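# Residue-level structural notes
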Amino acid sequence: MAKFSINLKEGKINKETELIIGIDLGTTNSLVAYIKDGVPVTVKNEIQKSSLLPSIVHFGAAETILVGDAAKERIVTDPANTVYSVKRLMGKSFGDVADFKQYFGYQVIDEDTESLVKIRVKDRFYSPIELSAIILKELKKRIEANLNRTVNKAVITVPAYFNDVQRQATRDAGKLAGLDVLRIVNEPTAASLAYGITVDKSEGQTIAVYDLGGGTFDISILHIEDGIFEVLATNGDTFLGGDDLDRAIVELWMARNGLDAEALHQNKQLSQQLRLKAEEAKKALSQADKFEDTYEHLNLGLSKDEFETAIKPLIERTIKHCAAALKDAELDTNQIDHVIMVGGSTRTPLVKKLVADYFKTAVNDTLDPDEVVAMGAAIQADILAGNQRELLLLDVTPLSLGIETVGGLMDVIIPRNSKVPSKAGRQYTTSVDGQKNLKVSVYQGERDLVEHNRKLGEFILKDIPPMPAGLPKIDIQFILDADGILKVKASELRSATEQSIAIKSPYSLSEEEMAKMLIDSIQHAEQDMKDRALLEARNEAQNILLSTEKFLKQHRNILNEKEIGRTTELATILKEAKSGTDKDAINKAIEELNEFTAPLAHRAMDHTIAEAMKGKKI
Ligand code: ADP
Ligand code: MG
């Protein structure tokens, strides 16, 4: 509801402008920001004066819930009731996170590997959505207290690789927290938006956004021109971040102190304590050359050299993703004008160094890497509130989207790296006479055969009025909205029969799986092409056999025995070739049948026209 205030000095009535807040719902830390006098600012808490709210929830006795710094302290003292990194679980099944089970100090329910993960705390079960909602509520409370007004609209950021389920889960968390989520924005896009306001708008710039946070890594290649942001390509890893650097340190300490994985597994308290110490060491080494500490009898010293040797392979993995993103964008490193550093982990000097080395340029880190995403979210919110009309946002879809056509072929409707939102469609028809139902199966991936791609969902277009094969006009529309959620609509145009679904894929797809799908598509390109050629030949053979059969039935009267015999013979040869795997043999048989029947078809047509003309007066 709009609020009104009266300016007594000027005697004017001011309608309070709509406030939409920007939220960075991070794996490790979450922040809330808004636009104050045209500038994005993050909201700090009262006590610690920090804008970072650790994304941690603690469940105490008598229903007390702590969020943020207060909860962080409980990771060690009460690990079973302290939930952290819940973002890693958003929209995931237990099967997806089974390998990381030992990483959580709390109980992740593993009874049903197929369904979405639940977390057990005491005698209650929580979904990652509920837990995220607790964090969002805290941020809402923080900004409401700070501004002394209610807030109920927000923009929330997610990693670029979040799939539909994860994006929807984030939306649901917002709703549960009492926030109307107007837009889900990719974190790197938000970050670049924060930097974009400082970019000279008259000149086109190509920018790489390198975001290494606590739990995720994203690289985005963007082009900014005339105030328009376009994402050329994205890549990353949803399981690579500062936590992994911490883990590398813990492993180093374990090896040095003769501890094995089992010892840590048995002692949750020790495991969490080492985790916190490792983070402390890592942060210290962003400035100092040496870290020294002990815990009980354990030596927790660490030199910068040791640390850098341990984490180098992890950072090199991020560089590989950078190369993949550049390849997708068809760019060389020398075509990148700016490299933007985002996420707390980019404070590690080796990260900056290796990224700068790779891109052969000094990295851009003028804005606070912790705050930059929330600031961008606030700017996006401001755009939605109608205050910054000159800026537009475009994103891309990481994998191709399409449907299965006859013979199990993938027919791409929205190619990968297409702009989001986007809309595309194509017309299809039936392959059998009188076909009443048509199954529409939706896939994601780059391979020619759908069996190698990922099925997103399917539905049946029902009640198509009976018509000969090839006559119905079936229109399939793919609508990919600004949040990256896909709606598929099928309609038979002659009868206005219509059916649609919103795709909610049952499982998330990790960046690694996504990368594997891309690599597979390249490695199997030749075989895929052969498979496709064979399937296409078979499909064509099937169509010709059907029409030949129909032709023989309808025009028997104008054909002689020899012609019928030869046509049947050639059709049998084609049928045999079709059941084989030699596409050339199929195409040859098609050609021979066509060659023989073409003059017959002409004759039939002439005859039909002559019949039609009979008795007609001109
Ligand atoms: P997320 O986006 O995943 O919530 P953040 O961007 O808040 O993560 O980054 C959190 C990560 O940054 C943590 O792993 C934290 O240890 C790391 N980090 C914070 N400060 C520093 C520092 N000074 N040096 C190195 N790493 C840091
Ligand atoms: Mg982040």
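Before reading on, note that the structure itself is shown above.
Heads up: these notes are all about the structure in this document. In this text the structure is predicted, and so the values were computed from the model without any measurement. (Residues numbered from 1 in each chain as written. Chains lettered and ligands numbered in written order. Predicted model: local features only at pLDDT ≥ 70, side-chain atom pairs only at ≥ 80, totals over all residues. Heavy atoms only, no water.)

## As for the pattern of salt bridges
Taken as a whole, this structure holds 26 salt bridges when the rule is applied. For K283, the salt bridge is made with E279, and the minimal N-O distance between the two is 3.5 Å. With K283 and E279 both in helix α9 (residues 268-284) and four residues apart, this pair spans about one turn of that helix. Take K283: its relative accessible area is 48%, and that puts it in the partly exposed class. With a relative accessible area of 17%, E279 lands in the buried category. Residue E458 is joined to K439 by a salt bridge in which the shortest nitrogen-to-oxygen separation is 3.9 Å. A residue pair is termed long-range when its members are at least 10 positions apart, and E458 in strand β29 (residues 454-461) and K439 in strand β28 (residues 438-444) qualify at 19 residues. E458 sits in the partly exposed class, given a relative accessible area of 38%. Residues participating in the shared-partner salt-bridge network are R88, D243, D244 and R247. (Salt bridge = Lys/Arg side-chain N within 4 Å of Asp/Glu carboxyl O. Helix = DSSP H or I, 4+ residues; strand = E, 2+ residues; numbered from the N terminus. Buried < 20%, exposed > 50% of the residue type's maximum accessible area, 1.4 Å probe, protein only.)

## Examining the environment of V406
Residue position: V406 is located in the loop between β24 (401-405) and β25 (409-414). With 129 residues separating them in the primary sequence, V406 and L535 have C-alpha atoms 8.5 Å apart. Residue contacts for V406: discarding those within four places in its chain leaves S431 and N539. (Contact = heavy atoms within 4.5 Å.)

## Quick notes on the pairing of strand β15 (residues 205-212)
Most of β15 sits out of view: eight of its eight residues are buried. Alternating positions in β15 separate into two faces, Q205, I207, V209 and D211 on one and T206, A208, Y210 and L212 on the other, with burial throughout. Strand direction decides the pairing type here: β15 and strand β16 (residues 217-225), joined by eight bridges, are antiparallel. Bridge pairing in β16 links L212 to F217. Here β15 folds back onto β16 in antiparallel fashion, the turn holding four residues. (Pairing = 2+ DSSP bridges.)

## Considering the nonpolar core
I21 and I23 are the most contacted members of the largest nonpolar core, which has 48 residues in total. Ranked by the residues each element gives to this core, the list is headed by helix α4 (residues 128-147), at seven residues. Residue contacts for I23: discarding those within four places in its chain leaves L31, V32, L136, L139, A154, V155, I156, T157, L179 and A377. L270, L300, F307 and V339 belong to the second-largest nonpolar core, a separate cluster that totals 45 residues. (Core = buried A, V, L, I, M, F, W, Y, C linked by side-chain atoms within 4.5 Å.)

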